[in-house]
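Spelled out, the chains give:
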Amino acid sequence: VTSARVGRLVDLEVAAEDVETARAEVERMCAELLANTLIESFEIVAEAP
Amino acid sequence: MTEPRPRIAVVTFPGSNDDGDARLALSHLGAEAVPVWHAATALPDDVGGVVLPGGFSYGDYLRCGALARLAPVMDAVRTFAAEGGPVLGICNGFQILCEAGLLPGVLRANRQLQFLCADVTVRVESDATPFTSACVRGEELVIPIKHGEGNWMADDRLYTDVVERGQVVLRYTEDVNGSRDRVAGLANENGNVLGLMPHPEHAVDPLLGPTGGAPLLEGLIAAARERVADYAIGGR
């Protein structure tokens, strides 16, 4: 094994004007609750339906 | 003359399971424990202290203590703490205080990746908090632990700050769960908010084992009594 990663995948459907608004919203959710940035990092992949 | 029994709020979140013992222990030691539901938007009038008890708030999903920090009652607890009121977080309560940003660092899974249940010895590192005011530095207390996530960590910079500000209040005398430098209990900068992994509420009656929890709860009760006396004078 040369690398391993353990993580959590959260799928969210967000009602928003556009992808960027949705991304900003989700970014806030990650920073405030979904990730504890002392021990976790997060990455957001945002797509329009 | 009997001393007045100060009212101390014990918060119950869905999944709390040591709220009952916390109330019993506080009553046993001379306080009046007031149950408070997590959905309350205010603390009852004239409470002189707050306990966030152990358990598994909201099932401890996501991370332990993470969801509880958003409970309605936590705004009132934050305000109470900011006004200098004594707040004690035990086990899950400690995890909640860290997630809420009222205490530094975070609690991770034990080094052993196992739930641990044992009587442990902790040493008092600071007597500058209301909770340890009846203790002397270096004093050892035997108190049980029972947790899966008691491995407190902070990065080097945060840890150095925490130590320099004298916020480390209790350390295990030997490594228990991988916690950084054996930290078992921490206070905020003002000393009025304490979080610890051991359960003082389970260690107050010699019939049931060690009694190392009594001085910490008595410290809380004494601080609560002073605060309630201030209300009576009209300090509020």
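Before reading on, note that the structure itself is shown above.
Residues numbered from 1 in each chain as written. Chains lettered and ligands numbered in written order. Predicted model: local features only at pLDDT ≥ 70, side-chain atom pairs only at ≥ 80, totals over all residues. Heavy atoms only, no water.

J.: Just checking my understanding: could you explain the overall build of chain A for this structure?
T.: For chain A, the count of helices and strands is 1 helix and 0 strands. Across the 49 residues in chain A, those meeting the buried criterion constitute 16%. In chain A, the 4 positive side-chain charges and the 11 negative ones have mean positions that sit 7 Å from each other. (Helix = DSSP H or I, 4+ residues; strand = E, 2+ residues; numbered from the N terminus. Buried < 20%, exposed > 50% of the residue type's maximum accessible area, 1.4 Å probe, protein only. Lys, Arg positive; Asp, Glu negative; His and termini not counted. Charge placed at Lys NZ, Arg CZ, Asp CG, Glu CD.)

J.: Looking at this model, I keep getting lost on the environment of Ala71(B). Mind explaining?
T.: All names here are of chain B. Counting through the fold element by element, alanine 71 comes out in the loop between β3 (47-52) and α2 (72-82). Owing to a relative accessible area of 5%, alanine 71 belongs among the buried residues under this scheme. Along the backbone, alanine 71 and alanine 39 are 32 residues apart, and their C-alpha atoms lie at a distance of 6.5 Å. When residues no more than four places from it in sequence are discounted, the contact partners of alanine 71 are Phe13, His38 and Tyr58. (Contact = heavy atoms within 4.5 Å.)

J.: Whenever I open this one, a nonpolar patch on the surface confuses me. Can you help?
T.: Residues and elements named next belong to chain A. A surface patch of nonpolar side chains, amounting to about 210 Å² of accessible area, comprises Val10, Leu12 and Val14. Inspection of the secondary structure puts valine 14 in the segment before α1 (19-34). For valine 14, a relative accessible area of 32% puts it in the partly exposed group. (Patch = residues over 30% accessible without salt bridge, like charges linked within 9 Å, V, L, I, M, F, W, Y side chains within 5 Å. Areas by Shrake-Rupley, 256 points an atom, 1.4 Å probe, with all protein chains shown as cover. Salt bridge = Lys/Arg side-chain N within 4 Å of Asp/Glu carboxyl O.)

J.: Looking at this structure, I do not really get the state of the cysteines. What am I missing?
T.: Such a bond, covalent and formed between the sulfur atoms of two cysteines, is termed a disulfide. Under the counting rule described, the total for this entry stands at 0 disulfides over all chains. For the unlinked cysteine Cys30(A), the closest cysteine sulfur is that of Cys64(B), found at 19 Å. With no disulfide of its own, Cys91(B) has Cys64(B) as its nearest cysteine by sulfur position, at a separation of 8.7 Å. With relative accessibility at 6%, the residue Cys91(B) sits in the buried group. (Disulfide = S-S within 2.5 Å.)

J.: Explanation requested: the pattern of salt bridges in the structure shown.
T.: Evaluated as defined, the whole model comprises 16 salt bridges over all chains. Glu99(B) serves as the salt-bridge partner of Arg63(B), at 2.8 Å between the closest nitrogen and oxygen. Taken together, the positions of Arg63(B) in the loop between β3 and α2 and Glu99(B) in helix α3 (residues 92-99) put the pair 36 residues apart, joining distant regions of the chain. Exposure class is identical for Arg63(B) and Glu99(B). Each is buried. In this structure, Glu125(B) engages Arg171(B) in a salt bridge whose closest nitrogen and oxygen atoms are separated by 3.5 Å. Residue Glu125(B) is found in the loop between β6 (116-124) and β7 (140-147), and its partner Arg171(B) is found in strand β9 (residues 168-172); the two are separated by 46 residues along the sequence. The exposure classification of Glu125(B) matches that of Arg171(B), with both residues buried. The network of salt bridges with common partners includes Arg8(A), Glu40(A), Arg63(B) and Glu99(B).

J.: It is not clear to me how α1(A) should be interpreted in this structure. Could you clarify?
T.: Within an α-helix, residues lying three or four positions from one another point in the same direction, as the helix has 3.6 residues per turn. Residues and elements named next belong to chain A. If you check α1, its first and last C-alpha atoms are just 19 Å apart, much less than what 16 residues at 1.5 Å a residue would give, namely 22 Å. Along α1, the positions that sit buried rather than exposed are Ala22, Val26, Cys30, Leu33 and Leu34. Down the axis of α1, the smallest arc covering the buried residues is 110°, so these residues share one side. The N-capping residue of α1, defined by a side-chain oxygen 3.2 Å from the backbone nitrogen of glutamate 20, is aspartate 18. (Expected span 1.5 Å × (residues − 1). Arc of directions from axis to C-beta. Polar contact = N/O pair within 3.5 Å; in protein donor to acceptor, adjacent residues only side chain to side chain.)

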